Amino acid sequence: MRRLRACLGAAAAVTLAAAGTTALVASNASGATSALGNRWYAAAPYLMPLDNDPPDAAAIMDASGLKAFQLAFILAPNGGGCSPTWGGTAPVSGDTAVQNVISTIRAKGGDVSVSIGGYGGTKLGQACADAASTAAAYQQVITKYGLHAIDFDLEEPEYENTAAVRNEIGAAKILQQNNPGLYVSVTTAGTADGTGWFGKQMLLEAKSQGFTPNNFSIMPFDGGFNGAASQTGALTNFNAILRSTFGWDEATAYAHEGFSGMNGRSDTGEYFSQADFQTVLDYATSHNMDRFTFWSLNRDRQCSPADNGGRTSGTCSSVPQNSWDFAKYSVKFAGATPPSTTPTTTPTPTPTPTPNSCKTAWSSSSVYTAGNEVSYNKHNWKAKWWTQNEVPGASEWGPWQDEGAC
C-alpha cells in the first residue's frame, strides 16, 4: 500500500471459541460505540502510530477534515509466536499507546481501521499454524480496539508463501463471518499489468475459499510507474483481472476495486504529486471504485531544505507541499469538503533544525539490534530490529528509523 455475510462454520467456531475470541460488539472497553460509513474506512490513509515520527492525528483532523485512519502494522512477534504485536515489538495485549491515539481520534468523531502485514517483519499468516489460529490472533486486535474495519496488506515476501496466503485469506473469511458488518480490504502489489503473478495467485486463493472482501486494492508504485497515467492504466488492467477471476462485470469489479498510492517520492525514485492524486481520484470516483488511500500520513508533510527532495523518507514526501495536502484527497473521496486553505505557489519550507551530533558511523560488517544508533549520509538512524549489512534509508520499510540530520 482490502460482503458476503454467512454463519461461521462449525469447525472454525469451535476453534475460535477455544481460543477465547469474541464477536464484535456495539460497545466495549475501547470506547467504540458506533461506526463511520464505509466510505470513510475506504478513504483512510495509513498512519504509523509508533514509528516514523508519528504526527498528531487530532491536528490532521482539524486541518484536513479527515475522520478515518489506517493504523499500521500488526505483525507476529519478532521472537516468534502467534500473537499480535505492533511492528513485531509491542504486544497488542499490553498496549496503551495506540489505544490513546484511537481514543483521541474517536473523541473527535473519527475512527480507525487496522492494517496487518506490510512489507517488513514476520506476518501472523507465516507464524500461525492455520487459518483459525491466525484469525484468533487478529480477533484479539478487533476485540481490544472495537474495530469496525481491518486491512490485510499482503505483499512481499509473505505473498510468495502459499501456506501463509492461505492462512491470511482463510482468517479474513473467518473474521468477516464472525464480525457482522466488518469492513475488510485486501491490499497487494501493483504492476503495469494490474498485479503480478503472486497477486493473481492470491485472488485465486480467495476465489477457491469463497471469500469476497469489500475490495481488493493494488499499490501502483515501486514498479516502474511514472505519474497518474501509468497508475490509472494499472487500475484498468486490474479491473480486467478481477472480472476474469471472479466472473464479475466491469461495474461489479470496480465496486470491489481499490487504489493505494504513495505520496511524493517512492522507494524507487518515482514521484507522485498532488496533481497525480487528483487525476487518480477523478478516475476512482468516475468508475465508482470502492477505495482510495495512500502511504502515508507520516509522509504527508514537506521535507526540510537539507533533504532537497533527493531521497525517500518515512517522515516527509520529498515534494513541495503544505502539511496534509494529500490527506485532503482522501477526504474528497469520502464525500466531504476539506477545510479551505490559502493556496501557496511555493510552500514555506520547514525550518532546518539544529543538527544533532552524529553517532558512530554505520558499518556494513557490524550487527545491530533494536535501539542501536548509527550515523549514515549525515543522518542519525536507530535500528528497529536485528540487522546486518542493510544500508540505512535504502528502504522506507527497512530496519532503520531516520532520526534526522546530524
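Source: prediction; values computed, not measured.

The rules we used
In every chain, residue numbers begin from 1 and rise along the written sequence. Whole-chain, interface and lining totals are the exception, using all residues; otherwise, since this is a predicted model, local features are given only for residues with pLDDT of at least 70 and side-chain atom pairs are given and counted only at 80 or more. To get the side-chain values, take all heavy atoms of the structure and skip hydrogens and water. Any two strands are treated as partners once DSSP identifies two or more bridges connecting them. Each helix is a run of H or I in the DSSP string that is no shorter than four residues. Each strand is a run of E no shorter than two, and both are numbered from the N terminus. Interaxial angle, 0 to 180 degrees, is taken between N-to-C directions of lines fitted to C-alpha atoms, where a helix line uses only the stretch in contact. We call a set of buried residues a nonpolar core when its members are Ala, Val, Leu, Ile, Met, Phe, Trp, Tyr or Cys and they connect through side-chain atoms within 4.5 Å of each other. Relative accessibility under 20% of the residue-type maximum defines a buried residue, over 50% an exposed one, and the middle range a partly exposed one, all with a 1.4 Å probe and only protein chains included. Polar contacts, as counted here, are pairs of nitrogen or oxygen atoms within 3.5 Å of one another; within protein the pair requires one atom able to donate a hydrogen and one able to accept it, and residues that are adjacent in sequence qualify only if both atoms are side-chain atoms. Contacts between residues were defined by any pair of non-hydrogen atoms, one from each residue, lying within 4.5 Å. What counts as a salt bridge is simple: a side-chain nitrogen of Lys or Arg found within 4 Å of a carboxyl oxygen of Asp or Glu. Here, two cysteine sulfur atoms that lie within 2.5 Å of each other are counted as a disulfide. Two aromatic rings from Phe, Tyr or Trp, using only the six-membered ring of Trp, form a pair when their centres are within 6.5 Å; if the ring planes differ by under 30 degrees the pair is stacked, by over 60 it is edge-to-face, and anything between is tilted. Counted as over-ring charges are cases with an Arg CZ or a Lys NZ within 6 Å of the ring centre that also lie within 35 degrees of the ring normal. Expected helix span is given by 1.5 Å per residue-to-residue step, counting one fewer step than there are residues. Per-residue confidence from the predictor is given as pLDDT, running between 0 and 100.

1. Quick look at the sheet that holds strand β17 (residues 400-405)
What the 3 strands build is an open sheet, ordered β14-β15-β17; its pairing is antiparallel. Only two strands of the sheet have a single partner each, and these edge strands are β14 (373-376) and β17. On average, adjacent strands in this sheet sit at an angle of 30 degrees to one another, irrespective of strand direction. Across 4 bridges, strand β15 (residues 379-383) lies against β17 in antiparallel orientation. When the bridges of β17 are listed, Ala383 appears paired with Trp400.

2. Let's talk about the nonpolar core
Counting residues in each nonpolar core, the largest one holds 95 residues, and the members touching the most others are Phe69, Leu71, Ile74, Phe152, Phe216 and Phe292. Tallying contributions element by element places helix α6 (residues 131-145) first for this core, with 8 residues. With 6 residues, the next largest nonpolar core counts Trp362, Trp381, Ala383 and Trp400 among its residues.

3. Considering the side chain of Ser115
When you line up the elements, Ser115 lands in strand β5 (residues 111-117). In this structure Ser115 comes out as buried when scored by relative accessible area, which is 0%. For Ser115, the side chain forms a polar contact with the side chain of Asp151, separated by 2.7 Å. Sequence-distant contacts of Ser115, that is, excluding residues within four places in its chain, are made with Tyr46, Gln70, Leu71, Ala72, Phe73, Ile74, Asp151 and Asp153.

4. Notes on the pattern of salt bridges
With the rule as written, the count across this model stands at 6 salt bridges. With a shortest N-O distance of 3.8 Å, Asp151 and Arg291 are connected by a salt bridge. One end of the pair, Asp151, is in strand β6 (residues 149-153); the other, Arg291, is in strand β12 (residues 291-295), and 140 residues separate them in sequence.

5. So, the state of the cysteines
Enumeration according to the criterion identifies 2 disulfides in this entry. Disulfide partner of Cys82: Cys128, at an S-S distance of 1.9 Å. Disulfide Cys82-Cys128: the torsion about the S-S bond is 95 degrees, which places it as right-handed. Of this pair, Cys82 sits in the loop between β2 (68-75) and β3 (85-86) while Cys128 sits in the loop between α5 (124-127) and α6, and the two are 46 residues apart along the sequence. Look at Cys82 and you get partly exposed, because its relative accessible area is 31%. Judged by its relative accessible area of 5%, Cys128 is buried.

6. Some thoughts on the packing of aromatic side chains
Centre-to-centre distance and the angle between the planes together describe a pair of aromatic rings. Under the counting rule described, the total for this entry stands at 20 aromatic pairs. Measuring from ring centre to ring centre gives 6.2 Å for Tyr254 and Tyr283, while their planes differ by 70 degrees; the resulting arrangement is edge-to-face. In this pair, Tyr254 sits in helix α10 (residues 250-255) while Tyr283 sits in helix α11 (residues 274-286), placing the two residues 29 residues apart along the sequence. The pair Tyr254 / Tyr283 is uniform in exposure class, with both members buried. A network of ring pairs unites the aromatic residues Phe259, Phe277, Phe292, Phe294, Phe326, Tyr329 and Phe333 as a single cluster. Over the face of the ring belonging to Phe333 we find Arg39, whose NZ or CZ atom lies 3.7 Å from the ring centre.

7. Looking at α11
For α11, spanning 13 residues, the distance from its first C-alpha to its last is 18 Å, which sits close to the expected 18 Å at 1.5 Å a residue. Within α11, the full set of buried residues consists of Gln274, Asp276, Phe277, Val280, Leu281, Tyr283 and Ala284. In this structure, the buried side of α11 is in contact with α9 (228-246), α10, β9 (257-262), β11 (271-272), β12 and α12 (327-334). Its side-chain oxygen placed 3.3 Å from the backbone nitrogen of Ala275, Ser273 serves as the N-cap of α11.

8. Here we look at the environment of Ala76
Structurally, the position occupied by Ala76 is in the loop between β2 and β3. Given a relative accessible area of 0%, Ala76 falls into the buried group. Distance in space between the C-alpha atoms of Ala76 and Gly121 is 7.8 Å, their sequence separation being 45 residues. Discounting chain neighbours no more than four positions away, the residues touching Ala76 are Gly81, Ser83, Thr85, Gly88, Thr122, Lys123, Leu124 and Ala127.

9. Thoughts on the pairing of β6
Most of β6 is tucked away: 5 of the 5 residues are buried. Neither face of β6 is open: one carries Ala149, Asp151 and Asp153, the other Ile150 and Phe152, and all of them are buried. Relative to β6, β5 runs parallel, the two being bridged by 4 bridges. Note that in β6 the partner of Ser115 across the bridge is Asp151. Relative to strand β7 (residues 183-189), β6 runs parallel, the two being bridged by 5 bridges.

10. Let's talk about the confidence of the model for the protein chain
Of the residues in the protein chain, 86% have a pLDDT of 70 or more, and the chain-wide mean is 87. Counting contacts from residues 1-29, a segment whose pLDDT is below 50, to residues more than four positions away or on other chains yields 77 contacts. Note that pLDDT drops below 50 for residues 342-354; the model gives that stretch 13 contacts with residues more than four away or on any other chain.

11. Re unusual backbone geometry
Looking along the chain, the bond that leaves Glu156 and enters Pro157 is cis, with omega of -10 degrees. Along the polypeptide, Pro157 turns up in the loop between β6 and α7 (162-178). With omega at 5 degrees, the peptide bond leading from Trp295 into Ser296 counts as cis. Note on placement: Ser296 falls in the loop between β12 and α12. Although it is not a glycine, Asp53 sits at a positive phi angle of roughly 45 degrees. Turning to its location among the elements, Asp53 is positioned in the loop between β1 (46-47) and α3 (57-64). Overall, Asp53 belongs to the partly exposed group, its relative accessible area being 47%.

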